[in-house]
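Structural characterization, general
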Amino acid sequence: MLERAGGGLPSFADGTDNKSGGAMFTRRHWLSASAVLAAAPQALPAGGKPIVISSANGLRACARAMEMIRSGADTLDAVVAGVNIVEEDPEDDSVGYGGLPNEEGVVELDSCVMHGPTRRAGSVASIRGVKTPSKVAKLVMEQTDHIMLVGEGAGRFAKAYGFKEENLLTEKSRLAWLVWKRSLRDASGHNNWIGGPGALKPAARLKQMFPEASDELLAYAWERAVNPPTGTINCLALNAKGEMSGVTTTSGLAWKIPGRVGDSPIIGAGLYVDQDVGAAGSTGRGEENIRIAGGHTIVENMRHGMSPREACLDAVKRVARNYDNDRARLAKFDISFYALGRDGQYGSAALWSGTAKNGQVRPRQFAVNDGGKSRLENCAYLYERKG
Ligand code: ASP
């Protein structure tokens, strides 16, 4: 069953068994798609009302962006200021300061921005020592004729613009990294640490290894070590004039190989904005998004007549199609897409209905602010996650 998502959209019932996959078309579909292409409008009418949407961790980001838009700020300034709250928050371990590090214990961040009115973009990847990579991505857009800077070059660019080099690894993230490191072992079960690998799990042994840490912190660190999380914020905005911008920012996959870059800084994957039509972004397993160029795919879907939610569901189906719709393999990850149309419609879809913990399923959600308080709405989804 698909759940309905917001935006006052008509109910969507395309059946979810997706046997043919989102990317496969019959000749008849192709012909009708061509007809739609030929008839595609150049630009949708603007909705006339500001809207900001984001991944579920962006309630405060949406509120700040909306406040700024209502006081006349540019849409990109607004979304960047919104996600800065999350980048600077040490408690969000998937974005900016406090993000979980790579396998060497170093936090590497990725971000990109797109500005609808000027049709420009900027991006940084694998940048170290800067809490707010979204600001650096925006500077790349504003100050250079490049689009993407990576690694050391991105860091040096940030320094040249006055960013201080800071340690982004919080004590909490460092402990989670150490617990992960000490849980690794060879095929015979051996590792280099006193206490032995198999002994790690019981709370008492963890406590022995890290006596200073609270039980709560150790439980968090163990959970992060055994279930390396992903996480990101994507934020999209529309103002009353029909101007649109977007930003995506992340610390990427926990324990990644140094230099690994996901979808978040990739224009056309983690983010795409064409304010004639709309904007889209993603969170979750970045590699799967890159393979379908999700952000761009969704905007093109909307250009050819799909609602934001249908466009996101199509992207999710393309991801599933890359696994022959094999749920057992797809169960190992999740991915969510978010879309906002120039006309003010919005939607989101995830591969799975939610996350399972202790037999309970928490629904996948996204954040919306259309002028009042930010709220969470349920994402549409392809597959139902069982508890
Ligand atoms: N998409 C991000 C990446 O792959 C991570 C995430 O959103 O969870 O780097």
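What you are looking at is a predicted structure, and each value in this text was computed from that prediction instead of being measured. (Residues numbered from 1 in each chain as written. Predicted model: local features only at pLDDT ≥ 70, side-chain atom pairs only at ≥ 80, totals over all residues. Heavy atoms only, no water.)

On to the overall build of the protein, then. Along its length, the protein carries 12 helices and 15 strands. Considering only intrachain contacts with a sequence separation of at least 6, the fraction spanning at least 24 residues in the protein is 67%. For the protein, the computed accessible surface area is about 17,000 Å², with 51% contributed by carbon and sulfur atoms. (Helix = DSSP H or I, 4+ residues; strand = E, 2+ residues; numbered from the N terminus. Contact = heavy atoms within 4.5 Å. Areas by Shrake-Rupley, 256 points an atom, 1.4 Å probe, with all protein chains shown as cover.)

With 9 of 10 residues buried, helix α10 (residues 294–303) is to be regarded as a mostly interior element. Of the positions making up α10, those classed as buried are Gly294, Gly295, Thr297, Ile298, Val299, Glu300, Asn301, Met302 and Arg303. Along its buried surface, α10 packs onto β7 (271–274), β8 (278–284), α9 (286–292), α11 (308–321) and β9 (335–341). (Buried < 20%, exposed > 50% of the residue type's maximum accessible area, 1.4 Å probe, protein only.)

To describe a pair of aromatic rings, one takes the distance between the centres and the angle between the planes. Considering all chains together, one arrives at 5 aromatic pairs under this definition. An angle of 45° between the planes, with centres 5.0 Å apart, marks the rings of Phe157 and Tyr161 as tilted. A relative accessible area of 12% places Phe157 in the buried class. The exposure class of Tyr161 is partly exposed, given its relative accessible area of 40%. (Phe/Tyr/Trp six-rings, centres within 6.5 Å; stacked < 30°, edge-to-face > 60°.)

The sheet built from 5 strands is open, its strands ordered β7-β8-β9-β10-β15 with mixed pairing. Edge positions in the sheet fall to β7 and β15 (380–383), since each of these pairs with one other strand and no more. Here the strands of the sheet are splayed against their neighbours by 15° on average, with no regard to which way each runs. By the bridge criterion, 7 bridges tie β8 to β9 in an arrangement that is antiparallel. Bridging from a neighbouring strand, Ser282 pairs with Phe337 of β9. Here α10 sits on the sheet in contact with β7, β8 and β9, set at roughly 145° to β8. Of the strands in this sheet, β9, β10 (346–352) and β15 touch α11, which is tilted by about 20° from β10. (Pairing = 2+ DSSP bridges. Axes fitted to C-alpha atoms, helices over the stretch in contact; angles between N-to-C directions.)

Let us now look at unusual backbone geometry. Look at Trp255: it is not a glycine, yet its phi comes out positive at around 65°. Here Trp255 is to be found in the loop between β6 (244–250) and β7. Assessed through its relative accessible area of 7%, Trp255 is described here as buried. If you check the backbone angles, Asn325 has positive phi at about 55° while not being a glycine. When you line up the elements, Asn325 lands in the loop between α11 and α12 (327–330).

Turning to the site of the ligand, a few remarks are in order. What surrounds the ligand is the set Thr230, Gly231, Thr232, Gly252, Arg260, Gly262, Asp263, Ser264, Thr283, Gly284 and Gly286. The separation between an oxygen atom of the ligand and a polar side-chain atom of Thr232 is 2.4 Å. One of the side-chain N or O atoms of Asp263 is found 2.6 Å from a nitrogen atom in the ligand. For the shell around the ligand, the per-class residue count stands at no nonpolar, 9 polar and 2 charged. (Near = heavy atom within 4 Å. Polar contact = N/O pair within 3.5 Å; in protein donor to acceptor, adjacent residues only side chain to side chain. Nonpolar A, V, L, I, M, F, W, Y, C, P; charged D, E, K, R; others polar.)

Attention now goes to the nonpolar core. The biggest cluster of nonpolar side chains holds 44 residues, and the ones touching the most others in it are Ile53, Ile298, Leu330, Phe337, Leu340 and Leu351. Take this core: its biggest share by element is 7 residues, from α11. Among the nonpolar cores identified, the runner-up in size contains 36 residues, and Ile69, Leu139, Leu149 and Leu169 belong to it. (Core = buried A, V, L, I, M, F, W, Y, C linked by side-chain atoms within 4.5 Å.)

Looking at the protein as a whole, its pLDDT mean stands at 87, while 86% of the residues score no less than 70. In the model, residues 1–36 has pLDDT below 50 throughout and makes 58 contacts with residues more than four positions away in sequence or in other chains. (pLDDT = per-residue confidence, 0-100.)

Within β6, 7 of the 7 residues are buried, which leaves it mostly tucked inside the rest of the structure. Here 6 bridges tie strand β2 (residues 109–115) to β6, and the two strands are oriented antiparallel to one another. Paired with Cys112 across the bridge in β6 is Thr248. Linking strand β5 (residues 233–238) to β6, which pair antiparallel, is a turn of 5 residues; within it Gly242 sits at a positive phi near 90°.

Before going further, it helps to examine the pattern of salt bridges. Pairing between side chains of opposite charge can happen when the charged atoms of each approach one another. According to the stated counting rule, one finds 23 salt bridges in the structure shown. Glu300 serves as the salt-bridge partner of Arg303, at 2.8 Å between the closest nitrogen and oxygen. Of this pair, Arg303 and Glu300 are both found in helix α10, 3 residues apart, which corresponds to roughly one turn of the helix. Each of the two residues, Arg303 as well as Glu300, counts as buried. Salt bridges linked by common partners bring Arg119, Asp274, Asp276, Glu300 and Arg303 together as one network. (Salt bridge = Lys/Arg side-chain N within 4 Å of Asp/Glu carboxyl O.)

The grouping of Ile147, Met148 and Val150 at the surface amounts to a nonpolar patch, some 250 Å² of accessible area in total. Of note, Val150 is situated in strand β4 (residues 148–150). (Patch = residues over 30% accessible without salt bridge, like charges linked within 9 Å, V, L, I, M, F, W, Y side chains within 5 Å.)

Moving on to the environment of Ser251. Within the fold, Ser251 resides in the loop between β6 and β7. Along the primary structure Ser251 and Glu87 are separated by 164 residues, whereas in three dimensions their C-alpha atoms are 9.2 Å apart.

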